[in-house]
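Chain and residue survey
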Amino acid sequence: MTSPAGPRRRPPAALGLLLPGVAALIFAYVLPMVWVGRMSVNRYVDGGGIEQTITGESFAEIVTDPYYLQVAGTTVWLGVVVAALTVLVAYPLAMFLVRTESRFKGLLTMLAIAPMLVSSVARTYGWVIVLGNQGLVNSFLRALGVSERPLQLSNNFTGVVIALVQIFLPYAVLAMTSGFGRLDRNVEQAAASLGASRRQVFTRVTLPLTLPGVLTGALLVFVLAISAYVTPRLMGGGRVVVLATEIYDQATNRLNWPLAASLSVVLIVIFGVAMAGYQALQRRAERKASGQ
């Protein structure tokens, strides 16, 4: 006899299929985050020692030391600049890939994302060669007589931005093309038939419908940029210090694991703030696109 509430339901089979993935996430993500959080409240002892305790000294050092505040500010600014420039470059490319009716559309899409198959280390070294004082750009400018002295395009913030924009461009293109599904040419044609100019069609129809994809691409590039290590290290020439490079230096060179963990927590907080801002903007864009 069954109970008044009905027969007891067995767990769905899908739940069992989720267990391996959940276990992998716990092992590869949750546990390391817990370890980082615990390490961040330990105390660093001169000579590379670590005192197991509960203290906020590392966080206090980050907040009160102008150097670490500058590093965090440089990291956020780098992410914002790279995300903005990458979106500007990727938008027309993604729009073309979505709208093209060419039989080579698959090939064009593959060519757009092909740089992802090359290591970011190799691409960064390529930019070192291209943008260096004796690189291709400066050699070309000197050959044309445009500049006698080499332009400082590497070992600075500008070089890091240029390299990161090129490296993360395929990610933005993929995110945008997948987010442009709402775009319908019939809507644009209807707006044009009602007297809207090309500019009005773009600002009032095309851009609102594609804004969710733009926001997704911008978030992805921002997160990748603020966590980048190889490119800021190589293209920055030690002059561009971001959180990723500082975390590495603190952990490997100075053996200050509590401070490195605290800087990692700061980076995670920046991720969280970016995600919260993305969710708010995404909901607003969704409401605007649906006419609510």
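Predicted, not measured: the structure shown is a model, and the values here were computed from it. Residue numbers restart at each chain and count upward from 1, following the sequence in its written direction. Totals for whole chains, interfaces and linings use all residues, but because this is a predicted model, local features are given only for residues with pLDDT of at least 70 and pairs of side-chain atoms are given and counted only at 80 or more. Where side-chain values are given, they derive from all heavy atoms of the structure, hydrogens and water being excluded.

Notes on the overall build of the protein
The cut-off we apply is this: Strands are runs of DSSP state E lasting at least two residues, helices are runs of H or I lasting at least four, and both sets are numbered from the N terminus onward. Atoms counted for the radius of gyration: C-alpha only. Globule rule: 2.2 Å times residue count to the power 0.38. Working definition: with a 1.4 Å probe on protein chains only, accessible area under 20% of the residue-type maximum means buried, over 50% means exposed, and in between means partly exposed. Residue contacts are counted whenever heavy atoms from the two residues lie within 4.5 Å of one another.
On a plain count of helices and strands, the protein comes out with 12 helices and two strands. Relative to the compact-globule value of 19 Å for 292 residues, the protein shows a C-alpha radius of gyration of 24 Å, a clear excess of over 25%. Here the C-alpha coordinates of the protein stretch approximately 95 × 75 × 35 Å along the principal axes. Burial analysis of the protein (292 residues in total) assigns 34% to the buried set. Taking the intrachain contacts of the protein between residues at least 6 apart in sequence as the baseline, contacts between residues at least 24 apart amount to 69%.

Looking at the environment of asparagine 133
Turning to its location among the elements, asparagine 133 is positioned in the loop between α5 (120–131) and α6 (136–144). C-alpha of asparagine 133 to C-alpha of valine 266: the two residues are 133 residues apart in sequence and 35 Å apart in space. Once residues lying within four places of it in the same chain are set aside, the contact partners of asparagine 133 are Asn138, Arg142, Pro150, Leu151 and Gln152.

A word on the nonpolar core
Counted only if it meets this: Here, nonpolar core refers to any group of buried Ala, Val, Leu, Ile, Met, Phe, Trp, Tyr and Cys residues whose side-chain atoms link them within 4.5 Å.
Membership of the largest hydrophobic core comes to 56 residues, with the highest contact counts inside it found for Leu78, Val82, Leu164, Phe168, Met176, Phe180 and Leu263. Counting residues per element, the ones that place at least two in this core are α3 (66–99), α7 (157–179), α9 (198–226), α11 (243–253) and α12 (257–289). If one sorts the elements of this core by residue count, α3 sits on top with 12 residues. When near neighbours in sequence (up to four residues on either side) are disregarded, phenylalanine 180 contacts Tyr91, Ala94, Met95, Val98, Thr210, Gly213 and Val214.

Comments concerning a positive patch on the surface
Cut-off, in case you're wondering: A patch is a set of surface residues, each over 30% in relative accessible area and not in a salt bridge, joined within 9 Å for like charges and within 5 Å for the nonpolar side chains Val, Leu, Ile, Met, Phe, Trp and Tyr. Using a 1.4 Å probe, accessible areas were evaluated by the Shrake-Rupley method; residue-level cover was limited to the displayed protein chains. Throughout this description, the term salt bridge denotes a Lys or Arg side-chain nitrogen within 4 Å of a carboxyl oxygen of Asp or Glu. Charge counting follows a simple rule: Lys and Arg are positive, Asp and Glu are negative, and His as well as the terminal groups are ignored. Charge coordinates come from a single atom per side chain, which is NZ of Lys, CZ of Arg, CG of Asp or CD of Glu.
Together, Arg283, Arg284, Arg287 and Lys288 make up a region of like positive charge exposed at the surface. Checked against the element boundaries, lysine 288 lands in helix α12. Classification of lysine 288 as exposed rests on a relative accessible area of 61%.

Some details on the pattern of salt bridges
By the definition in use, this model includes four salt bridges. The residue arginine 43 makes a salt bridge to glutamate 51 at a minimum N-O spacing of 3.2 Å. The class for arginine 43 is partly exposed, based on a relative accessible area of 25%. For aspartate 249, the salt bridge goes to arginine 233, with nearest N and O atoms at 2.8 Å. In this pair, aspartate 249 is assigned in helix α11 and arginine 233 in helix α10 (residues 230–236), connecting sequence segments 16 residues apart.

With respect to the packing of α7 against α9
Our working definition: For helices, the axis comes from a line fit to the C-alpha atoms of the stretch in contact; other axes are also lines fit to C-alpha atoms, and the angle between any two N-to-C directions lies between 0 and 180 degrees. When describing relative orientation, an angle under 35 degrees is termed roughly parallel and one over 145 degrees roughly antiparallel, while 65 to 115 degrees is termed roughly perpendicular and anything else oblique. Working rule for handedness: look at the near helix, and if it is turned counterclockwise from the far one by less than a right angle, call the crossing left-handed; if clockwise, right-handed.
Taken N-terminus to C-terminus, the directions of α7 and α9 make an angle of 155°; their axes are 8 Å apart at the nearest point. Relative to α9, α7 is oriented roughly antiparallel. Handedness of the α7/α9 crossing: right-handed. Within the contact between the two elements, α7 uses Phe168, Tyr171, Ala172, Ala175, Met176 and Gly179 and α9 uses Leu209, Gly213, Val214, Thr216, Gly217, Leu220, Val221, Leu224 and Ala225.

Re unusual backbone geometry
With the exception of glycine, the majority of residues adopt a negative phi angle, and the majority of peptide bonds are in the trans configuration. Of note, the phi angle at asparagine 155 is positive, near 60°, even though the residue is not glycine. Within the fold, asparagine 155 resides in the loop between α6 and α7.

Thoughts on the packing of aromatic side chains
The condition is simple: Centre distance within 6.5 Å is the pairing criterion for rings of Phe, Tyr and Trp, where only the six-membered ring of Trp is used; planes under 30 degrees apart are then read as stacked, over 60 as edge-to-face, and the remainder as tilted.
Applying the stated criterion across every chain, the model contains six aromatic pairs. With a centroid separation of 5.2 Å and an interplanar angle of 70°, the aromatic rings of tyrosine 67 and tyrosine 68 are classed as edge-to-face. Looking at tyrosine 67, the relative accessible area reads 33%, which means it is partly exposed. What makes tyrosine 68 buried here is its relative accessible area of 5%.

Regarding the side chain of aspartate 249
For aspartate 249, a relative accessible area of 17% translates into the label buried. With residues near it in sequence (within four places) discarded, aspartate 249 still touches Arg233 and Arg254.

Some remarks on the side chain of threonine 231
Inspection of the secondary structure assignment puts threonine 231 in helix α10. Leave out the neighbours within four places in its chain, and threonine 231 touches Thr124, Val160, Ala163, Leu164, Ile167 and Gly236.

A few points about a nonpolar patch on the surface
A cluster of nonpolar residues, Leu15, Leu18, Val22, Leu25, Ile26, Phe27, Tyr29, Val30, Leu31, Met33, Val34 and Ile268, forms a patch on the protein surface that exposes about 1,100 Å² of accessible area. By residue number, the principal contributor to the nonpolar patch is helix α1 (residues 13–40), which donates 11 residues. A relative accessible area of 38% places valine 30 in the partly exposed class.

Observations concerning the environment of threonine 158
Summarising the element assignment, threonine 158 is placed in helix α7. A relative accessible area of 40% means that threonine 158 is categorised as partly exposed. Along the sequence, threonine 158 and leucine 78 sit 80 residues apart, while their C-alpha atoms lie 9.8 Å from each other.

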